[in-house]
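Spelled out, the chains give:
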Amino acid sequence: MKIGEEASAAIAGASDLAALDVVRTALLGRKAGQVTELLKILPQLPPDDRREAGAVVNALKTAVGEKLDERNAELSKAAPAAASDADLTMPGRARWLGAKHPITLVIEEIEEIFRDLGFTIAVGPEAETEWYNFTSLNFPADHPAMDMHDTLYLSEGVLLRTHTSPVQMRTMQSHKPPIRVLSPGNVYRRDFFDASHAPMFAQIEGLCVDEGISFVDLKAVLTHFANRFFGKTKTRFRPSFFPFTEPSAEMDVECVICGGSGCASCKGTGWMEILGSGMVHPRVLKAAGIDDEKYTGWAFGMGPARIAKLRYNIPDIRILYDSDVRFLEQVAR
Ligand code: PHE
């Protein structure tokens, strides 16, 4: 049959997939394909001829279809890549690689500022003894913070540290002054999980011990830190109390939201508290085996979640723990 032979030759002669596509359209194309046209004629034939002609044309259609598929398989196998018409100059698809969490970004930024001042990083265990977490830090035995309500105990005398200050003690025990360390880590408190509290959160402790260290050093270093971290800003120190420092002070920076005029974020005060600090208590130096006549020191502690809350103007810290990518993408770097 003429069309059949011609079709076989055309299919065999197609040298690539594009050429084969042209042949397929010429034979089976809906509009003017040669075989399609034959099928269209069938209804016009007299009923007696129709059945016979129909069988022949349909067999032809099936045979042509099979030949086309065979050739297609051959050509795809021979040159799969070369046959594609992909535009190799198109830019690639960007892949989402993930990014650092805002709390990590804040910790790294704080570390960099203190590293520039000669501080090194110190870490300590999250499961601590009562002695390191409280007793050695001059907490009186009946201090309310030691109460079961705030502290998560693991067993008698062993707890999840409630602050990073025990690292002060461990560092002073293992290193001789001059000491300049920064200690980031997680701490635990039996707090409710609300807009400004989480039962586990990060803290960063700083400690500086040497001969002739005074409150001036504390103020100068922490003010320098605030100006580098928040951009030129105002700071103020308010008297405070911690069992392990004397005197103690909390540092405020000018509210980053309203610039000091007073807004909802700073509860109308124009200031935001960012850290607790003080001169290391002589009893704490003594407990660490450091000569408190010869050496003095200062320390501070701050919460990176709180700092991130200020820096990124976050109304509720729980968003920092939700892992909602829509939020994280906004601060990702
Ligand atoms: N450890 C204190 C707290 O968790 C913070 C602090 C650290 C205060 C060092 C003074 C010196 O609240």
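The residue numbering used here restarts from 1 in each chain and proceeds along that chain's sequence as written. Reporting of local features is limited, given that this is a predicted model, to residues whose pLDDT is at least 70; pairs of side-chain atoms are given and counted only at 80 or more, and all residues count toward the totals for whole chains, interfaces and linings. Side-chain numbers here rest on the full set of heavy atoms in the structure, without hydrogens or water.

A look at the site of the ligand
Worth spelling out the cut-off: We call a residue near a given molecule or strand whenever any one of its heavy atoms falls within 4 Å of it. Nitrogen and oxygen atoms within 3.5 Å of one another constitute a polar contact, given that in protein one can donate a hydrogen and the other can accept it, and given that sequence-neighbouring residues count only through two side-chain atoms. A run of H or I in DSSP becomes a helix once it reaches four residues, and a run of E becomes a strand once it reaches two; helices and strands are each numbered from the N terminus. Side-chain classes are defined by residue name, with Ala, Val, Leu, Ile, Met, Phe, Trp, Tyr, Cys and Pro counting as nonpolar, Asp, Glu, Lys and Arg as charged, and the others, Gly among them, as polar.
The environment of the ligand is formed by 14 residues, the closest being His163, Ser165, Arg189, Gln203 and Gly301. In this structure, His163 approaches the ligand through a side-chain N or O atom, which is 3.0 Å from a nitrogen atom. A distance of 2.9 Å separates a nitrogen atom of the ligand from a polar atom in the side chain of Ser165. At the level of secondary structure, the elements contributing two or more residues to the shell around the ligand comprise strand 6 (200-210), strand 9 (271-280) and strand 10 (296-302). Partitioning the shell around the ligand into residue classes produces 4 nonpolar, 8 polar and 2 charged.

Topic: the packing of aromatic side chains
We count it as follows: Ring pairs are drawn from Phe, Tyr and Trp, using the six-membered ring of Trp, whenever the two centres fall within 6.5 Å, and their geometry is named by plane angle: stacked under 30 degrees, edge-to-face over 60, tilted for the rest. Between buried and exposed lies partly exposed: a residue is buried under 20% and exposed over 50% of the maximum accessible area for its type, with that area taken using a 1.4 Å probe on protein chains only. A ring is scored as having a charge over it whenever the NZ atom of a lysine or the CZ atom of an arginine sits within 6 Å of its centre and within 35 degrees of its normal.
Summed over the entire model, instances satisfying the criterion amount to 11 aromatic pairs. Here Phe114 and Phe119 contribute two aromatic rings whose centre-to-centre distance is 5.2 Å and whose plane-to-plane angle is 75°, an arrangement assigned as edge-to-face. For the pair shown, Phe114 and Phe119 are each scored as buried. What links up through ring pairs into an aromatic cluster is the set Phe114, Phe119, Phe225, Phe229, Phe230, Trp298 and Phe300. Just above the ring of Tyr132 sits the side chain of Arg170; from NZ or CZ to the centre is 3.9 Å. Here the guanidinium or amino end of Arg311 rests over the ring plane of Phe229, the centre of that ring lying 4.1 Å away.

A closer look at unusual backbone geometry
With the exception of glycine, most residues fall at negative phi, and the peptide bonds are largely trans. Backbone torsion omega between Pro177 and Pro178 reads 0°, so that peptide bond is classified as cis. Along the chain, the position of Pro178 falls in the loop between helix 7 (166-174) and strand 5 (179-188). Even without a glycine there, the phi angle at Asn138 is positive, about 70°. Residue placement: Asn138 occurs in the loop between helix 6 (130-133) and strand 3 (153-155). Here Asn313, not a glycine, exhibits a phi torsion of approximately 55°, which is positive. Checked against the element boundaries, Asn313 lands in the loop between helix 10 (304-311) and helix 11 (325-331).

A look at the packing of helix 5 (residues 102-115) against helix 8 (residues 215-230)
Our working rule: Helix axes use the C-alpha atoms of the stretch in contact, all axes being lines fitted to C-alpha atoms, and the angles between their N-to-C directions lie in the range 0 to 180 degrees. The cut-offs work like this: below 35 degrees is roughly parallel, past 145 is roughly antiparallel, 65 to 115 is roughly perpendicular, and the gaps in between are oblique. Throughout, a crossing is termed right-handed when the near helix is turned clockwise from the far one, and left-handed when it is turned anticlockwise from it by less than a right angle. A contact between two residues is defined here by any heavy atoms of the two lying within 4.5 Å.
In contact at an axis separation of 10 Å, helix 5 and helix 8 are set at 130° when each is read in the N-to-C sense. Considered as vectors, helix 5 and helix 8 are oriented oblique to each other. Seen along the crossing, helix 5 lies across helix 8 with a hand that is right-handed. In this structure, helix 5 uses Val106, Glu109, Ile110, Glu112, Ile113 and Phe114 to contact helix 8, whose residues at the interface are Val221, Leu222, His224, Phe225, Arg228 and Phe229.

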